[in-house]
Amino acid sequence: MQSLWQGGLATLLVPGAVAGAWRAVAATPADAPTRTLTSPQARLIALLADAILPRSDTPSATDVGVIGWIDAVATDYFSSVQRSDFLDCIGAIDEHAVSIGGGRLESLPAGVVAGVVTSLDSACRRKNLSPAERGYALLKELVVFGYFTSEPVQKNVLQVPIVPGRFDPSVPIPTPVAK
Amino acid sequence: MSNPHEFDAIVVGSGITGGWAAKELTERGLRTLVLEAGGPIDPARDYVEHVQPYQVPFRAWGDRTPFRGTQPIQSDCYACDEIGRKFFVNDLENPYSHPEDAPFSWFRGRHVGGRSNTWGRQVYRWSDLDFEANARDGHGNDWPIRYADIAPWYSHVERFIGVSGAPEGLSQLPDGEFLPPMPMTDAERFARERIHKAFGGERVMTIGRAAILTKDHNGRAACHYCGPCERGCITHSYFSSLGSTLPAAAATGKLTLRPHSVVAELLFDTARSRVTGVRVVDATSGRDTEYTGRVVFLCASAFESVRLLLNSKSSRFPEGLANSSGTLGRYAMDHHFGSGAVGTMHGFDDRKAFGRRPNGIYIARFRNVRSQHPAFLRGYGIQGGASRKDWRRGATMAGYGAEFKQSLISEHGPWTLGTHGWGETLPHADNRVTIDASTKDKSGIPAAHISIRWRENEKAMEQDMVTSAAEMLDAAGCSDITLQSVHNPPGYCIHEMGGARMSRAPSEGVLNAYNQAWDAPNLFVTDGACMASSACQNPSITYMALTARACDHAVTLMRRAEL
């Protein structure tokens with residue numbers, strides 16, 4: 001019964017319009033044309049997204065289509081004011097890179113990029129953020145959310161059961177084995 | 001062939017009480033018409049509890065900007081997100097007003113099943129502590145019934161809908177006829193014991209009593225723990241009109257269900273002092289139709305029923321039908337809720353839960369049970385639960401890179417325990433629903449004007465919710481206890497009630513002890529409008545029990561030819 005739910009019936013319950021909307025987003029690969037983000041903006045976001053969630057034995061942010069999702073949010077979700085503010089803040093991240101690293105983010109060597117990201121990441125829990133820090137904080141939220149709600153991560157990494165079939169209040173967590 | 005516009009009974013509304021009225025009346029042989037203002041729901045097509053975030057464009061992220069334009073009020077409700085917003089009205093087509101300095105959040109669903117599709121499913125019996133409260137402290141009128149009058153009907157409802165819960169033997173929160181309880185987490189069980197010990201047994205934490213099946217019941221399957229009940233349930237494992245009472249009514253062959261039927265007014269025969277039927281505006285064509293019935297049950301939701309009565313004017317009742325007492329629309333209430341505290345639990349980091357339990361914990365009312373609190377009357381219950389944070393903590397957590405990602409995948413945040421109050425609101429004559437004649441809905445029907453304010457008793461109680469919640473978290477051994485005063489506006493709890501209260505005398509209220517209008521004996525109002533006080537428990541099971549009891553009474557009178 002459980003496999004029927006997970007494998008078939010649950011999918012059948014997705015309304016057509018909703019499924020269509022997902023296909024439109026999911027069909028956007030990392031390097032696909034974007035509707036709002038310019039190519040430099042998309043490259044900047046991709047660089048930061050994969051710095052936050054890089055490829056390891058699990059996919060990176062761009063591997064699972066986070067850029068397409070952020071472009072969809074920027075295009076169809078944000079109001080014009082929110083969109084303009086978001087893009088301005090993304091631009092400010094590059095200006096921040098110039099001021100502390102001596103060049104636009106994508107032109108910098110990996111070690112310097114890491115320094116820029118570290119400076120933004122350590123600042124973003126303060127109040128009174130600069131535009132670059134605000135842009136990074138929102139981008140990090142979008143990257144984390146977009147990554148962990150993506151189909152590949154939900155299904156293959158987190159292995160979230162759509163229909164658990166039971167509630168167990170106390171499951172032991174295995175102690176990690178040191179590699 | 002019978003007249004298609006003539007019925008034995010008309011029920012206005014198909015939600016939690018309309019479904020019960022339909023079931024009880026049809027099962028007693030009455031040809032019953034149920035009028036629903038909204039459209040039909042097909043669970044296979046419309047329920048979305050298994051839709052995953054990656055199946056909707058914005059993955060239910062953010063502040064709901066894209067649909068705030070048409071649902072500026074509804075989108076404040078936790079359940080009105082990108083996936084579930086179809087179950088909430090378009091605010092532009094369904095306007096209401098409130099004083100500028102007294103905001104009211106009215107969360108509504110117009111479709112077959114009403115808000116029984118999205119409700120919170122928590123069900124708690126009242127006790128005589130509640131039914132005697134108005135008489136005891138003088139706020140509001142004395143209820144015309146006591147616990148003994150409604151107890152058999154609570155059982156009647158529980159046996160049909162299925163309620164999971166644990167008996168605790170508390171006088172202020174009577175036990176019901178329970179299915180097996182859902183289990184508490186280790187952290188919750190630990191907190192229960194520590195709190196019980198710290199407060200001398202006065203504060204009892206139990207698992208939530210929920211209209212969700214923990215085993216197969218009455219042809220419905222047990223819960224499969226997918227989580228978001230507010231988006232529907234294809235197995236009907238939680239109680240709804242659509243999955244339980246309406247099918248039972250349909251099985252009698254006596255039910256006619258008419259969606260898209262907005263009842264604009266009740267028709268009243270002054271000479272006979274009887275309601276003769278209803279005038280309906282078809283929501284799709286805009287055409288008027290009339291239906292007649294020997295009895296009419298108003299189950300449209302509390303303030304919609306009050307609005308309908310206020311809009312049903314006649315020479316006999318120029319201020320609204322059944323309003324000879326002048327109380328119609330007054331003593332409106334909601335629960336004030338949400339203030340409390342949250343803290344971090346320790347000692348359970350090697351454990352996690354599997355499955356998404358659609359239920360939490362409940363701490364039964366402890367204020368003004370054994371002794372009188374100096375600052376306020378009545379009391380509150382506490383709802384909450386213990387859980388661990390998942391990957392969502394990563395949005396504001398320090399760090400980036402491969403280790404950061406791996407920690408979000410394989411590690412869990414700390415166990416946190418949240419405890420928040422749900423408080424009784426005193427009935428007050430100036431908390432009321434009137435008609436805003438200058439504002440009309442899509443069908444041209446004058447809108448409601450809702451004016452409800454939290455007053456001194458509610459404010460004092462809210463402060464105590466925060467203090468007592470923090471005390472209990474401290475007793476449970478929590479660290480990092482954060483106090484939370486939320487100041488939610490009236491309406492936010494979605495427990496609006498009152499406005500056509502039951503009373504012992506015609507001069508005191510709109511309805512008698514059987515929810516029967518004093519001024520029109522064949523009119524019954526059995527949704528939340530009938531409530532003379534709010535208690536602090538989630539109210540739906542009391543509405544259901546009162547509805548079943550009123551139906552039994554109505555049919556008894558009809559058989560005696562007294563109606």
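The rules we used
Residues numbered from 1 in each chain as written. Chains lettered and ligands numbered in written order. Predicted model: local features only at pLDDT ≥ 70, side-chain atom pairs only at ≥ 80, totals over all residues. Heavy atoms only, no water. Helix = DSSP H or I, 4+ residues; strand = E, 2+ residues; numbered from the N terminus. Areas by Shrake-Rupley, 256 points an atom, 1.4 Å probe, with all protein chains shown as cover. Rg over C-alpha atoms; globule rule 2.2 N^0.38 Å. Buried < 20%, exposed > 50% of the residue type's maximum accessible area, 1.4 Å probe, protein only. Contact = heavy atoms within 4.5 Å. Lys, Arg positive; Asp, Glu negative; His and termini not counted. Charge placed at Lys NZ, Arg CZ, Asp CG, Glu CD. Domains from an automatic or database assignment. Buried area = accessible area lost by both parts, 1.4 Å probe. Polar contact = N/O pair within 3.5 Å; in protein donor to acceptor, adjacent residues only side chain to side chain. Nonpolar A, V, L, I, M, F, W, Y, C, P; charged D, E, K, R; others polar. Axes fitted to C-alpha atoms, helices over the stretch in contact; angles between N-to-C directions. Parallel < 35°, antiparallel > 145°, perpendicular 65-115°, else oblique. Salt bridge = Lys/Arg side-chain N within 4 Å of Asp/Glu carboxyl O. Left-handed = near helix turned anticlockwise from the far one by under 90°. Pairing = 2+ DSSP bridges. Right-handed = clockwise from strand over helix to strand, strands pointing away. Phe/Tyr/Trp six-rings, centres within 6.5 Å; stacked < 30°, edge-to-face > 60°.

**Q** Give a detailed account of the overall build of chain A, specifying residues and quantitative values.
**A** Secondary structure summary: chain A contains 8 helices and 1 strand in total. Written out in order from the N terminus, the α and β elements of chain A read α-α-α-α-α-α-α-α-β. For chain A, the accessible area works out to roughly 8600 Å², and carbon and sulfur atoms hold 57% of it.

**Q** I'd love a proper account of the overall build of chain B, names of residues and values included.
**A** Within chain B, the secondary structure is distributed over 11 helices and 19 strands. For 563 residues, the compact-globule formula gives about 24 Å, and the C-alpha radius of gyration of chain B, at 23 Å, lands near that figure. With respect to the principal axes defined by its C-alpha atoms, chain B has extents near 75 × 55 × 45 Å. Here chain B holds 563 residues, and 63% of them are scored as buried. Partitioning the intrachain contacts of chain B with sequence separation of at least 6 by distance along the chain shows that 72% fall at a separation of at least 24. Surface exposure of chain B reaches about 19500 Å², of which carbon and sulfur atoms provide 49%. Both charge centroids of chain B, one from 61 positive and one from 62 negative side chains, sit 3 Å from each other.

**Q** I'd like a description of the environment of Met-184 of chain B, backed by residues and values.
**A** Secondary-structure assignment places Met-184 of chain B in the loop between strand S4 (178-179) and helix H6 (186-198). Along the sequence, Met-184 of chain B and Ile-207 of chain B sit 23 residues apart, while their C-alpha atoms lie 6.4 Å from each other. Sequence-distant contacts of Met-184 of chain B, that is, excluding residues within four places in its chain, are made with Pro-169 of chain A together with Arg-189, Arg-192, Met-205, Thr-206, Ile-207, Arg-357 and Ile-361 of chain B.

**Q** Explain the domain arrangement of chain B to me, using residue names and the numbers behind them.
**A** Residues and elements named next belong to chain B. Under the domain assignment, chain B is made up of domain 1 (6-121 + 247-333 + 429-453 + 496-559) and domain 2 (185-228 + 336-423 + 454-484). Taken residue by residue, the interface counts 13 residues in domain 1 and 20 residues in domain 2. In total, about 1100 Å² of surface goes out of reach between domain 1 and domain 2, with carbon and sulfur atoms giving 49% of it. When the area that domain 1 buries against domain 2 is broken down by residue, the three leading residues are Arg-121, Arg-453 and Cys-536, summing to 51%. At the boundary of domain 1 with domain 2, the tally comes to 4 residue pairs in polar contact (both at pLDDT 80 or more). When the residues that make up the side of domain 1 that touches domain 2 are grouped by side-chain class, the tally is 4 nonpolar, 5 polar and 4 charged.

**Q** Explain the packing of helix H4 (residues 66-77) of chain A against helix H5 (residues 80-101) of chain A residue by residue, including any values.
**A** A pair of packed helices is characterised by two quantities: the angle between their axes and the separation of those axes. Residue and element names in this part refer to chain A. Look at H4 against H5: their axes get within 8 Å of each other, and the N-to-C directions meet at 140 degrees. Taken as axis vectors, H4 and H5 run oblique relative to one another. Across the interface between the two elements, Ile-70, Ala-74, Thr-75 and Tyr-77 of H4 pack against Gln-82, Arg-83 and Phe-86 of H5. When grouped by side-chain class, the residues that make up the contact of H4 with H5 number 4 nonpolar, 2 polar and 1 charged.

**Q** Which residues make up helix H8 (residues 302-311) of chain B, and what are the values?
**A** All names here are of chain B. Among the 10 residues that make up H8, 10 are buried, leaving the element largely enclosed by the rest of the structure. What H8 keeps buried is the set Ala-302, Phe-303, Glu-304, Ser-305, Val-306, Arg-307, Leu-308, Leu-309, Leu-310 and Asn-311. Buried-residue contacts for H8 involve strand S1 (6-12), strand S7 (261-269), strand S9 (288-298), strand S15 (432-440), strand S16 (446-451) and strand S19 (520-525).

**Q** Break down the pattern of salt bridges for me, with residues and values.
**A** Residue and element names in this part refer to chain B. Under the definition given, this model contains 48 salt bridges over all chains. A salt bridge links Asp-282 to Arg-258; the shortest N-O distance between them is 3.4 Å. Here the residue Asp-282 occupies a position in strand S8 (residues 274-282), and Arg-258 occupies one in strand S6 (residues 255-258), the gap between them amounting to 24 residues. Members of the salt-bridge network, linked through shared partners, are Lys-23, Glu-24, Glu-27, Arg-28 and Asp-552.

**Q** An account of the packing of helix H1 (residues 16-27) of chain B against helix H11 (residues 540-559) of chain B is needed here, citing residue identities and associated values.
**A** Residue and element names in this part refer to chain B. Orientation of H1 relative to H11, taken along the N-to-C sense of each, is 30 degrees, at an axis distance of 9 Å. By the criterion of interaxial angle, the relationship of H1 to H11 is roughly parallel. Seen from above, H1 lies across H11 with right-handed handedness. Here Ile-16, Thr-17, Trp-20, Ala-21, Glu-24 and Leu-25 of H1 lie close against H11, whose contacting residues are Ser-540, Tyr-543, Met-544, Thr-547, Ala-548, Cys-551 and Val-555.

**Q** Describe the interface of chain B and chain A, and please don't skip the residues or the numbers.
**A** On the chain A side, the residues contacting the 57 residues of chain B number 63 residues. When the buried area of chain B at its contact with chain A is split by residue, Tyr-54, Trp-61 and Phe-354 of chain B rank highest and sum to 18% of it. Joining chain B to chain A, the criterion identifies 0 salt bridges. For the pair chain B and chain A, the number of links is 26 residue pairs in polar contact (both at pLDDT 80 or more). Those elements giving two or more residues to the side of chain B that touches chain A turn out to be helix H2 (43-46), strand S11 (351-354) and helix H9 (402-410) of chain B. Among the elements that take part in the side of chain B that touches chain A, H9 of chain B stands out by supplying 6 residues, more than any other. Of the residues contributing to the side of chain B that touches chain A, the split by class is 29 nonpolar, 15 polar and 13 charged. One ladder, built from 3 bridges, connects strand S1 (residues 168-172) of chain A with S11 of chain B; its direction is antiparallel. By the bridge assignment, Pro-172 of chain A is partnered in S11 of chain B with Arg-351 of chain B.

**Q** Provide a residue-level description of the pairing of S1 of chain B, including the pertinent values.
**A** For S1 of chain B, a buried count of 6 out of 7 residues is recorded, marking the element as mostly surrounded by other parts of the structure. Remark: the S1 of chain B/H1 of chain B/strand S2 (residues 32-35) of chain B crossover connection has right-handed handedness.

**Q** So what about the packing of aromatic side chains? Which residues, and what values?
**A** Counting across every chain of the model gives 31 aromatic pairs over all chains. A centroid spacing of 6.1 Å and a plane angle of 85 degrees characterise the contact between Trp-69 of chain A and Trp-61 of chain B, whose relative ring orientation is edge-to-face. Placement of Trp-69 of chain A in helix H4 and of Trp-61 of chain B in the loop between H2 and helix H3 (128-131) is noted, with the two residues assigned to different chains. Trp-61 of chain B gets classed as buried once you look at its relative accessible area, which sits at 9%.

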